[in-house]
Amino acid sequence: METFEVVLSDGTKMQGTSWLLESPKANFCLITGMQEYSARYRPFAEFLNENGYSVYVLDALGQGRNAESVERQMIWPVGGFAKNVEGVAKMCELARKSGKPVIQGGHSMGSFITQRRLELYPHASDATVLIGSNGGQKALMSLGFMLACLIVHKKNWEKPNAFLTNLSLGGYAKAVKDAKTSADWISYDEKNVEAYLADPYCGHPATGGFWKEFLRGLKEIWKTKEMKRVAKDEKILIVAGAEDPVGQNGKGLEWLYAKYQKLGVTETTLKLYPKMRHEILNETGKEEVYADILAFLDKVSG
């Protein structure tokens, strides 16, 4: 494990964790999901290392290496979504210096940032993996952003916003019948859920400013005029749990897959995994997911 850094056009610095090989056959560049951090991807990164891939995992703003402290997490500046998107593009540029192919991925929140990266930086990578994503909720996200604009201001920007958090994430917890914890929706694997809840860098309360900027980004990504920016020759793998509430139990991902196909991005593949929830890289049976992503990487990297 090493640390890497990228510098955005406005001077903002973002850090992440890398697992690099001297002579990789390609590079896999991932951005984290919400309320987590890059070091959690160590098992998956080591698996990819064993199969010849260098791995970069960028912490989103306000998380992991990009949080000032454990107390000051989930704080985004104005334009935070766009900054994360640029950070992903910069990470791909860094990996490209090896002279080897770059495959970019994103989990959950990171997958939405990645969808926007596909639109704004369409040739930053040679292929893309969307993990635990969603699609087709443009109107709902626009409504959420309007609401955030009404209740979030300078004085409460950095303070946790329970109302917006419950509005956005509350439904996920309720999606699991007879749930033992508030985080059961992330995984069937109880040890994974326990580790998540016990980790001070996971599940930290999201601030009002975070929600306003996240929703600002989400309201754009599923507009047809924006999705038309995705390169037609882009190779995309979409993977998720069939019982993941983030992806509407697969419905949102079926919409996303069909939309890409309709727009001419025909090298798009969708796979939903039965008996899996949100964190499929940490879920019981994750070996199948690992193998499928590896097969995709091998195919696109030659």
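Please refer to the structure placed before this passage.
A few points on the structure. Only a predicted model underlies this, so the values are computations on that prediction, with no experimental measurement involved.

The rules behind these values
- Residues numbered from 1 in each chain as written.
- Predicted model: local features only at pLDDT ≥ 70, side-chain atom pairs only at ≥ 80, totals over all residues.
- Heavy atoms only, no water.
- Helix = DSSP H or I, 4+ residues; strand = E, 2+ residues; numbered from the N terminus.
- Rg over C-alpha atoms; globule rule 2.2 N^0.38 Å.
- Buried < 20%, exposed > 50% of the residue type's maximum accessible area, 1.4 Å probe, protein only.
- Pairing = 2+ DSSP bridges.
- Axes fitted to C-alpha atoms, helices over the stretch in contact; angles between N-to-C directions.
- Salt bridge = Lys/Arg side-chain N within 4 Å of Asp/Glu carboxyl O.
- Bend = angle between axes of the 7 residues up to and from the residue.
- Polar contact = N/O pair within 3.5 Å; in protein donor to acceptor, adjacent residues only side chain to side chain.
- Right-handed = clockwise from strand over helix to strand, strands pointing away.
- Core = buried A, V, L, I, M, F, W, Y, C linked by side-chain atoms within 4.5 Å.
- Contact = heavy atoms within 4.5 Å.
- Patch = residues over 30% accessible without salt bridge, like charges linked within 9 Å, V, L, I, M, F, W, Y side chains within 5 Å.
- Areas by Shrake-Rupley, 256 points an atom, 1.4 Å probe, with all protein chains shown as cover.
- Phe/Tyr/Trp six-rings, centres within 6.5 Å; stacked < 30°, edge-to-face > 60°.
- Lys NZ or Arg CZ within 6 Å of the ring centre and 35° of its normal.

Take the overall build of the protein next. Along its length, the protein carries ten helices and eight strands. The C-alpha atoms of the protein give 18 Å as radius of gyration, which agrees with the globular expectation for 302 residues (19 Å, within 12%). Each principal axis of the C-alpha distribution contributes one length, and for the protein these read about 50 × 45 × 40 Å. Counting all 302 residues of the protein, 56% fall into the buried class.

Before going further, it helps to spend a moment on the pairing of strand β2 (residues 13-19). Here β2 lies mainly inside the structure; five of its seven residues are buried. Where strand β1 (residues 2-7) meets β2, six bridges bridge the pair, whose relative direction is antiparallel. Across the sheet, the residue bridging to Glu5 is Gln15, located in β2. Counted along the chain from β1 to the antiparallel partner β2, the turn is five residues long, and its residue Gly11 has a positive phi close to 95 degrees. Examined bridge by bridge, β2 and strand β4 (residues 53-58) share four bridges and lie antiparallel to one another. Residue pairing across strands places Thr17 opposite Val57, the latter belonging to β4.

Taken together, eight strands build an open sheet; the order of strands is β1-β2-β4-β3-β5-β6-β7-β8 and the sheet is mixed. At either margin of the open sheet sits one strand with a lone partner, and together these are β1 and β8 (268-273). Strand after strand, the sheet turns through a mean of 20 degrees between neighbouring axes, direction not considered.

Close approach of charged atoms lets side chains of opposite charge pair. Evaluation of the coordinates by the stated rule reveals 17 salt bridges. Here Glu226 ties to Arg116 by a salt bridge, and the two come within 2.7 Å at their closest N and O atoms. With Glu226 in helix α8 (residues 224-227) and Arg116 in helix α3 (residues 109-120), this residue pair connects regions lying 110 residues apart in the sequence. Salt bridges linked by common partners bring Arg116, Glu119, Glu226 and Arg229 together as one network.

Okay, helix α5 (residues 162-174) next. By the largest-angle criterion, Ser168 marks the main kink of α5, which is about 45 degrees. Between a side-chain oxygen at the N-terminus of α5 and the backbone nitrogen of Phe163 the separation is 3.3 Å; the capping residue is Asn161.

Right, let's get into the pairing of β8. The side chains of a regular strand alternate between both faces of the sheet. Note that strand β7 (residues 236-241) and β8 share six bridges and pair parallel. The residue bridging Gly241 from the neighbouring strand is Tyr273, located in β8. Regarding the hand of the β-α-β motif, the stretch spanning β7, helix α9 (residues 251-262) and β8 is right-handed.

Core analysis: the largest hydrophobic core is formed by 61 residues, its most contacted members being Phe210, Phe214 and Tyr260. Every residue in contact with Phe214, bar those within four places of it in the chain, is listed here: Met34, Trp76, Phe81, Met109 and Phe112.

Turning to the environment of Val239, a few remarks are in order. By the secondary structure assignment, Val239 is in strand β7. Val239 sits 50 residues away from Val289 along the chain, and the two C-alpha atoms are 8.1 Å apart. Dropping the residues within four chain positions of it, Val239 is found in contact with Val129, Leu130, Ile131, Gly132, Lys271, Tyr273, Ile280 and Ile293.

Bringing a nonpolar patch on the surface into the picture now. A cluster of nonpolar side chains, Leu140, Leu143 and Met146, forms an exposed patch at the surface whose accessible area comes to about 320 Å². As for its position among the elements, Leu140 is in helix α4 (residues 138-151).

Let us now look at the packing of aromatic side chains. For the structure shown, the criterion picks out 15 aromatic pairs. Measuring from centroid to centroid gives 6.2 Å for Trp76 and Phe214, while their planes differ by 80 degrees, and the two rings are edge-to-face. Here Phe214 lies in helix α7 (residues 208-221) and Trp76 lies in the loop between β4 and α2 (80-96), a separation of 138 residues in the sequence. Put simply, the rings of Trp76, Phe81, Phe112, Phe210, Trp211, Phe214 and Trp222 pair up and form one aromatic cluster. For the cation-ring pair, Arg277 lies above Tyr188, with the distance from its terminal atom to the ring centre recorded as 3.8 Å.

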